[in-house]
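Here's the letter readout for the chains.
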Amino acid sequence: MVDIAFYSITGQTVRFVKKTGLDAYQINDADPFHEMGRSFILIVPAYDDDMMDSVIDFLQYKDNAENCVGVAGGGNRNFNTLYNHTARDIAKGLNVPVVFEFEFNGTDKDVENFKKVVNEVGAK
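Residues numbered from 1 in each chain as written. Predicted model: local features only at pLDDT ≥ 70, side-chain atom pairs only at ≥ 80, totals over all residues. Heavy atoms only, no water.

**Focus on the pairing of strand E1 (residues 3-6)**
(1) Moving on: As paired strands, E1 and strand E3 (residues 40-45) are joined by 4 bridges and run parallel to one another. In the sheet register, phenylalanine 6 faces E3, and the bridge partner there is isoleucine 43.
(2) Moving on: Crossover connection from E1 via helix H1 (residues 12-20) to parallel strand E2 (residues 25-26): handedness right-handed. (Pairing = 2+ DSSP bridges. Helix = DSSP H or I, 4+ residues; strand = E, 2+ residues; numbered from the N terminus. Right-handed = clockwise from strand over helix to strand, strands pointing away.)

**Points about the nonpolar core**
(1) Moving on: Membership of the largest hydrophobic core comes to 18 residues, with the highest contact counts inside it found for Ile41, Ile43, Phe100 and Phe114.
(2) Moving on: Of all the elements in the fold, those that place two or more residues in this core are E1, H1, E3, strand E5 (98-103) and helix H5 (108-123).
(3) Moving on: It is H5 that contributes the most residues to this core, 5 residues altogether.
(4) Moving on: Residues contacting phenylalanine 100, with those up to four places away along its chain left out, are Phe16, Val71, Ala72, Gly73, Asp110, Asn113, Phe114 and Val117.
(5) Moving on: Among the nonpolar cores identified, the runner-up in size contains 17 residues, and Tyr7, Val55, Phe58 and Val96 belong to it. (Core = buried A, V, L, I, M, F, W, Y, C linked by side-chain atoms within 4.5 Å. Buried < 20%, exposed > 50% of the residue type's maximum accessible area, 1.4 Å probe, protein only. Contact = heavy atoms within 4.5 Å.)

**Quick word on the packing of aromatic side chains**
(1) Moving on: The full count for this structure, using the stated rule, is 7 aromatic pairs.
(2) Moving on: Grouped by ring-pair contacts, the aromatic residues Phe16, Phe100, Phe102 and Phe114 constitute a single cluster. (Phe/Tyr/Trp six-rings, centres within 6.5 Å; stacked < 30°, edge-to-face > 60°.)

**Some details on the packing of H1 against H5**
(1) Moving on: Contact geometry for H1 and H5: axes closest at 9 Å, N-to-C directions at 70°. With respect to H5, the element H1 is oriented roughly perpendicular. Crossing hand, H1 versus H5: right-handed. Residue-level contacts link Phe16, Lys19 and Thr20 of H1 to Asp110, Val111, Phe114 and Lys115 of H5. (Axes fitted to C-alpha atoms, helices over the stretch in contact; angles between N-to-C directions. Parallel < 35°, antiparallel > 145°, perpendicular 65-115°, else oblique. Left-handed = near helix turned anticlockwise from the far one by under 90°.)

**So, the environment of threonine 107**
(1) Moving on: For threonine 107, the position within the fold is in the loop between E5 and H5.
(2) Moving on: Exposure remark for threonine 107: the relative accessible area of 45% places this residue in the partly exposed category.
(3) Moving on: Between the C-alpha atom of threonine 107 and that of asparagine 76, which follows or precedes it by 31 residues, the distance is 13 Å.

**Notes on a negative patch on the surface**
(1) Moving on: Residues Asp29, Asp48, Asp49, Asp50, Asp53 and Asp89 make up a contiguous surface patch of negative charge.
(2) Moving on: Relative to the assigned elements, aspartate 53 resides in helix H2 (residues 53-60).
(3) Moving on: Residue classification places aspartate 53 among the partly exposed residues on the basis of a relative accessible area of 47%. (Patch = residues over 30% accessible without salt bridge, like charges linked within 9 Å, V, L, I, M, F, W, Y side chains within 5 Å. Areas by Shrake-Rupley, 256 points an atom, 1.4 Å probe, with all protein chains shown as cover. Salt bridge = Lys/Arg side-chain N within 4 Å of Asp/Glu carboxyl O. Lys, Arg positive; Asp, Glu negative; His and termini not counted. Charge placed at Lys NZ, Arg CZ, Asp CG, Glu CD.)

**As for H2**
(1) Moving on: The complete set of buried residues in H2 reads Ser54, Val55, Phe58 and Leu59. Axial view of H2: buried residues confined to an arc of 135°, hence all on one face.
(2) Moving on: Lining the buried residues of H2 we find E1, E2, E3, helix H3 (64-67) and helix H4 (85-94).
(3) Moving on: Just downstream of H2, lysine 62 is the residue with a positive phi angle, here 45°. (Arc of directions from axis to C-beta.)

Put into structure tokens, the structure is as follows:
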């Protein structure tokens, strides 16, 4: 299985990750410099770029950018084209796919489908 790293601002992403029951590393604003050390999926909320400084610091630390194999995003569909724009922008910058998108803290079906994605990505 592939590892998970995530960032949360309002707590929606934390709630989603907790519902999956998967072990995950939470990127910390006070010290975002954590080396994942192996392949991982990054989960991010949809917010302005200037609110993602800790995520950028985390990705620039050691081999984290190279070890990121996909990005998942949580957002609000009411924001239309801005729905999960952060995940899409980061994925494009890293040249990796957006592997999953969910709204708010995800439904039970989202949790089930995300776990399938994690298993599929980890099997590659």
